[in-house]
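The lines below spell out each chain.
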Amino acid sequence: MQLAILAGFILAGLAPLFHHWLGARTPLVMAMLPAGIAAWLLAQWPVIAAGDTLLLEWAWVPGLDITLTFLIDGLAWLFAMLITVIGALILVYTGEYLKGERDLPRFLVVIIAFMMSMLGLVLADNLVALFVFWELTSITSYLLIGFHHTDPVARKSAQQGLFVTVGGGLALLAGFVMLAQAGDSWSLSVLNERGAQLVGHDLYTPLLVCVLIGAFTKSAQFPFHFWLPNAMAAPTPVSAYLHSATMVKAGIYLMARLHPALGGTGLWETTLSLVGALTMATGAFLAIRHTNIKKLLAYSTVMALGTLTMLLGIGTEGALVAFVTFLLAHSLYKGALFMVAGILDHATGTKDVSAMGGLRRVMPKTAVVACIASLSLAGMPPLLGFLGKELMLKSVLAADHHGGLMLLLAFTGAFLTLAVAAVVSLRPFFGQRRDTPETPHEAPVGMLVGPALLAALSLLFGLAPGTLDALVEATVNGLGAVDPDVHLTLWHGINLPLLLSVASLVLGALVFRHWDAVRHRLAYLDPVIRHGPERGYEMLMAGMVYVAEWQTRILQNGHVRNYLVMTLLVLLGLVGHALLIRHPLEIDFSVDAYFHEMVVAGLMVAGALTACVMRSRLAAVAAVGIMGFSIALIFVLFSAPDLAITQLLVETLTVVLLVLVLFRLPRFATLSTPLERWRDLAVAGSFGTLMTLLMLSVLNGQRLPRISDYMVANSQPLGHGHNIVNVILVDFRALDTLGEIFVLALAAVGVHAMLRFHAAEYDAGYDLAGGRDDNG
Amino acid sequence: MESLMAVTIGVLFATAIYMMLRRSIVKLVIGLMLLSNAANLLIFSMAGMVRGAPPLVPEGLSAPPDVVADPLPQALVLTAIVIAFGVLSFAVVLVRRAWEVVRADDLDRMKDTDT
């Protein structure tokens, strides 16, 4: 399986090549990959149905306990099936939708890479592997939202989606690290068995908050819901696949996956059910305001994601059954509806539902598919959506916390969703025929297969819910329920959920009937909505840019001196802090030098100071030379003959070089003000003092055993040399010397190049030489 | 002796930094020279300074009979001296080129890429 996914990534990379050979048929051929994986998954069904889990082990980074182990239980199986089946259908759909698109190969590369990342995400057993796949889905999603990269709106939306989900990803990473520490394992299957240990751990609260931020941003929960509707800038297959059926459910998947490990506490239940319920109502409410069919569907996806989160928050067995049913129902009908939206967009040239009407005569097949899918969205019998909604209302009624509030929000969500479903299916296909920018026509077969199949499944599962029993049971088992016994039926008799459904039907019909009026009324709320979370995001971004500009102006202003002063001040602060405050300073200041040694030291100081105050360049170079030769003397006096020889040689060469070049250099000029000089003096003085103190305290500190003892002892036996320094240079640390030779060679090449270009300057003119200078 | 060297090295570092903070570009080069010398001296004297015991193995022996000066910092400093020379000669030629091309010796006037 791991190999299949890796092969998928390779295949994604090869997509342009395939496109070169196969042309427009490429997506169809590519669809074989997810179809094949789906077939393999189907073959594993007996194992899963028996309640077992499939563990495919593969060590990845053994030293760090990171494995690419795949774990297939009911939950992972359901998600993997959705990803592969809908993925295959989407690829078929894409073949028609993006026919003739120049960038089709690029699209295929990214969407197949996404598909594989998403599969990896739901199958991974290791937290690190899961996180890597998680981030991969964020990145591929970014590339897909921004597919039409020449459109500034698409670029902005893509960036927004990326920032929100990757920002949440950072929190998730922190959460995973804490989770692994608290549970003492990186494996999800192990962690899920250590629920009690995790819940009682000190890190539980911060860990849960971090993980939930990651899940909420990915799954567009309130207050992070705003990025999802904006992500509709992507081509429709992407919206159908990533932003309704799969990727946005990654957060839901994660919460479901960790439900046995982290669930069951008051914090988990309260947060999830309230955030979920709030998201549900917000999504449904915001959906009604829009006439763009993709935005309508996007907000209703937000609503569905909220519902799923809420059901996980309730956490009873009934709620988990409802969770699985609703999840499946939503993936089926929403995928179908998005593809229908793409068909409508293609056929009419507009996405505005209020501009469409009476299309059922021109596009009868599309109309049938849209109606079935919408009925499921609306939660009407006998479709799977009805089952999901009934179970949802039932578990909300049975919830033992915040029941009233959740019921209110759930009911609001339900009747508004009904209105959305009506708008999406009735508006474009029924009523009076309206003129659209393009003459509508029935969709080609390739575009109809996907939605038709998904809608048919909605209907089939709704009519015969018993077929789902085993799947739901296996999935609920993965969610941590003990020995679930699931019997789904369409008809539960006349009970409270049914009555609520009827009431929501009436209210929803009313909203649909007066939709235009409702929209106009709601327009009054626009100023309030504009101050919602998206405004917060924009202010955050603007603030970030402002701070970046401000600190660049301060820190990176192009003055070498500023960089130097900043670096030195930081160094002074950190080292000074460690030296003076963290460790008491112990200095044993004793001068046991001979007179001639003091004279040499004095010469050095005098040379250095003279070099600073001289106004003549020649005098300054001479003063530095005096200092350099004094250093050579120190080397002579203190047992370093090799150093003395080298220093003498280099010092001589330096003075020769400087004297040669000196008169081609500008004269010293006094450019700074006295105030600046005092400031520099203060910085330089404190740095010098710090170095002195540092050295004195090191001299007094405890000595570690010398590593050079080995070299002293082995220089002759191993290196066959009597000069230990030489043996070190050419034998023990020969690589250092090699590096040194490289540096010198590079410097020589650079010097040579700059001197050569000097000649070219006179031949080819000023500009050419100036341009080349940057490369030299 | 190390205490005396500590003070000397402190002065060397201070002068090096002061020169590197000047706006005149030639002074920057002088600062660079002072800095590399100060750093070399720091490494050398940090290991402990020993008089009259160079790290040599006498003929016919396999190891020095007495305590000798630590050879490792000497090897490091030797490398550093040579590299410092390479850097310095590169810097000097670069400064010369810059002066020829832009005729500016004030670092403040060279802060943009298109000076």
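The notes below deal with the structure included here.

About the cut-offs
- Residues numbered from 1 in each chain as written.
- Chains lettered and ligands numbered in written order.
- Predicted model: local features only at pLDDT ≥ 70, side-chain atom pairs only at ≥ 80, totals over all residues.
- Heavy atoms only, no water.
- Helix = DSSP H or I, 4+ residues; strand = E, 2+ residues; numbered from the N terminus.
- Buried < 20%, exposed > 50% of the residue type's maximum accessible area, 1.4 Å probe, protein only.
- Contact = heavy atoms within 4.5 Å.
- Areas by Shrake-Rupley, 256 points an atom, 1.4 Å probe, with all protein chains shown as cover.
- Lys, Arg positive; Asp, Glu negative; His and termini not counted.
- Charge placed at Lys NZ, Arg CZ, Asp CG, Glu CD.
- Salt bridge = Lys/Arg side-chain N within 4 Å of Asp/Glu carboxyl O.
- Core = buried A, V, L, I, M, F, W, Y, C linked by side-chain atoms within 4.5 Å.
- Axes fitted to C-alpha atoms, helices over the stretch in contact; angles between N-to-C directions.
- Left-handed = near helix turned anticlockwise from the far one by under 90°.
- Nonpolar A, V, L, I, M, F, W, Y, C, P; charged D, E, K, R; others polar.

## So, the overall build of chain B
Then comes step 1: A count of helices and strands for chain B gives three helices and zero strands.
Then comes step 2: Principal axes of the C-alpha set define a box for chain B whose edges measure 65 × 30 × 20 Å.
Then comes step 3: The buried share of chain B, taken over its 115 residues, is 65%.
Then comes step 4: Long-range pairs, those at least 24 residues apart, make up 54% of the contacts in chain B between residues at least 6 apart in sequence.
Then comes step 5: Put simply, chain B shows about 4,000 Å² of open surface, and 64% of that area lies on carbon and sulfur atoms.
Then comes step 6: Taking the average location of the 9 positive side-chain charges in chain B and that of its 10 negative ones, the two points are 13 Å from each other.

## Side note on the pattern of salt bridges
All names here are of chain A.
Then comes step 1: This structure, assessed with the given rule, holds 15 salt bridges over all chains.
Then comes step 2: Note that Arg427 and Asp516 form a salt bridge whose closest N and O atoms lie 2.8 Å from each other. Of this pair, Arg427 sits in helix α20 (residues 403-429) while Asp516 sits in helix α24 (residues 515-523), placing them 89 residues apart in sequence.
Then comes step 3: On the basis of relative accessibility, which here comes to 17%, the residue Arg427 falls in the buried class.
Then comes step 4: According to the relative accessible area criterion, Asp516 is partly exposed, its value standing at 32%.
Then comes step 5: In this structure, Arg679 and Asp680 form a salt bridge, with 3.0 Å as the shortest nitrogen-oxygen distance.
Then comes step 6: Judged by its relative accessible area of 1%, Asp680 falls in the buried class.
Then comes step 7: Shared partners join several salt bridges into a network, and the residues in it are Arg102, Asp103 and Arg106.

## Focus on the nonpolar core
Within soluble globular proteins, side chains that are nonpolar generally end up buried alongside one another.
Then comes step 1: Counting residues in hydrophobic clusters, the biggest one holds 194 residues, and the most contacted among them are Leu123(A) and Leu262(A).
Then comes step 2: In terms of residue count, helix α17 (residues 317-348) of chain A provides more of this core than any other element does, 21 residues in total.
Then comes step 3: Cys612(A), Ile17(B), Met49(B) and Val57(B) belong to the second largest nonpolar core, which has 76 residues in total.

## Observations regarding the environment of Leu671(A)
Then comes step 1: Relative to the assigned elements, Leu671(A) resides in the loop between α30 (641-662) and α31 (674-700).
Then comes step 2: Residues contacting Leu671(A), with those up to four places away along its chain left out, are Arg23(B), Ser24(B), Asp105(B) and Asp106(B).

## Considering the packing of helix α8 (residues 152-183) of chain A against helix α11 (residues 204-218) of chain A
Residues and elements named next belong to chain A.
Then comes step 1: α11 packs onto α8 with a crossing angle of 150° between their chain directions and a minimal axis gap of 7 Å. In terms of crossing hand, the pair formed by α8 and α11 is left-handed. Residue-level contacts link Val164, Thr165, Gly168, Ala171, Leu172, Ala174, Gly175, Phe176, Met178, Leu179 and Ala182 of α8 to Pro206, Leu207, Cys210, Val211, Ile213, Gly214, Thr217 and Lys218 of α11.
Then comes step 2: In terms of residue class, the contact of α8 with α11 is made up of 13 nonpolar, five polar and one charged.

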